[in-house]
Amino acid sequence: MDDFHYRDGELYVEDVPVAAIAAAVGTPVYIYSQATFARHARVFREGMAAIPHVHLAYAIKANPNIAVLRVLANQGYGADVVSGGEMRRALAAGMSAADIVFSGVGKTVAELRDALAAGIGQFNLELEEEGVVLARLAHDRGVRAPAVLRVNPDVDAGTHAKISTGKAENKFGVPISEARAIFDRLAPLPGLDLRGVAIHIGSQLQSLAPLERAYARVGELVAELRAAGHVITHVDLGGGLGVPYRTDDVFPSPAELGAMVARVTADWDVTLMFEPGRVIAGNAGVLATKVVWVKPGVGDPWVIVDAAMNDLARPALYDAFHDFAAVRPSGERMSANIAGPVCESGDTFAKNRDIDAVASGDLAVFRTAGAYGATMASTYNSRALVPEVLVCGDKFAVVADRIDPGTIMAAERVPDWL
Ligand SMILES: *Cc1c(COP(=O)(O)O)cnc(C)c1O
């Protein structure tokens, strides 16, 4: 089922025409389907149904809009956060602190302190020294910080280099070969409840094989830690499941992931934690845009749209593919390059792509823009910060305002010596 569909030749999100949102809010604008978010959350949870003890922590960096987080909270999800700001968002959305996992390779002392004060459910430690500092901060407060040690299993996730996180040369986790020694030193600290391990090997994974290899290594580590007398009650398996950006791409489903995990972890006897991000959010949103000009090129023409790399960075950052579709397709096709107005050649969404024929003034969408879209937006070239809209049935609401350049300028100062 797809909540982004054509009805009478016109693109709808659930029961709302994209054109109606564009008329009311302007373009560019991110449009999310609440039903799709809720369905993805449900399908992921159901995929893990065969596993006895599961904690689901939506990786909110994928799409941290507070309204989106509320949808996930209503589906029983906690959050995986990677900054104090994300922690504030999860709490503001009504998630309970106990359901929040704090990941991230550069948590500051201030962030650790605030997270302890908030009663965060688990700290995913990235290095031994972080554990020592956290233990001291917790001891000073008279509490024990629930924590797991993130290990780097040194597997190649087979994804884009910039979103691979589980190779030995990546900055994440401690080498799995050193985990036992670090555990021996950290576990006795009175301020720590060091209860398990975590991994996250990368994003947009198209195959379960690297995940299975990584999980198998974690299984060996859990046995080794237990043999050394450590009590292991939690293993955080991270996120990473990919989504099809191209319609004919095939990706493992949450149910297939769940079946693999159930098999690999059958004798672990722990609470398994998952941190899905993209698989929940990716296909739940589009970026709607208007064609500004169709400009002749040396080969194909340039379709210049009013969305740019500052609104959707993935093509410029990762060479990512986003399907482009007209809101009212005529049935004609054209071969074109698609680019935004920003003064960078990298502000190009597609080259020599076969697309719906469009002309100046036409509306179109970039599909599969719900994850790592609005959250990466900037105001580069003094463009407005892109707004977000959430659709539910025949209703829609602006869930993030367009931030005008004037508002950004109001936060700037000319010092009095000028
Ligand atoms: C980014 C991230 C995730 C989510 O990754 P997806 O590919 O979006 O599922 C989960 N855990 C950690 C630690 C992350 O950094």
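Residues numbered from 1 in each chain as written. Predicted model: local features only at pLDDT ≥ 70, side-chain atom pairs only at ≥ 80, totals over all residues. Heavy atoms only, no water.

Lining the immediate surroundings of the ligand are 14 residues, of which Lys61, Ser203, Glu275, Arg278 and Tyr372 lie closest. Separating a nitrogen atom of the ligand from a side-chain N or O atom of glutamate 275 is a distance of 2.5 Å. Here an oxygen atom of the ligand and a backbone polar atom of glycine 277 are 3.0 Å apart. In isolation the ligand offers 390 Å² of accessible surface; the protein chains occlude 93% of this area. (Near = heavy atom within 4 Å. Polar contact = N/O pair within 3.5 Å; in protein donor to acceptor, adjacent residues only side chain to side chain. Areas by Shrake-Rupley, 256 points an atom, 1.4 Å probe, with all protein chains shown as cover.)

What follows concerns the sheet that holds strand E1 (residues 4-7). Spatial strand order, E1-E2-E3: 3 strands in an open sheet with antiparallel pairing. Each edge of the sheet is formed by a strand with only one pairing partner; in this case those strands are E1 and strand E3 (16-17). Taken together, the 4 bridges between E1 and strand E2 (residues 10-13) define a ladder with antiparallel strand orientation. By the bridge assignment for E2, phenylalanine 4 is matched with valine 13. (Pairing = 2+ DSSP bridges. Helix = DSSP H or I, 4+ residues; strand = E, 2+ residues; numbered from the N terminus.)

Moving on, we get to the pairing of strand E21 (residues 395-400). Two elements, strand E20 (residues 388-392) and E21, share 5 bridges in a ladder whose sense is antiparallel. Residue pairing in the sheet places cysteine 392 in a bridge with lysine 395 of E21.

Structurally, the position occupied by glutamate 10 is in strand E2. If near-sequence neighbours (up to four positions away) are discounted, glutamate 10 is found in contact with His5, Pro17, Ala19, Val327 and Arg328. (Contact = heavy atoms within 4.5 Å.)

As a further point, take the UniProt feature "domain: Orn/DAP/Arg decarboxylase 2 N-terminal" (unreviewed entry) in the protein. UniProt records the feature "domain: Orn/DAP/Arg decarboxylase 2 N-terminal" (unreviewed entry) at residues 42-281, using the numbering of this structure. Annotated as residues 42-281, this span is 38% helix and 17% strand, and its ends, taken at the C-alpha atoms, are 12 Å apart. (UniProt positions renumbered as here; feature names shortened; annotations may be inferred.)

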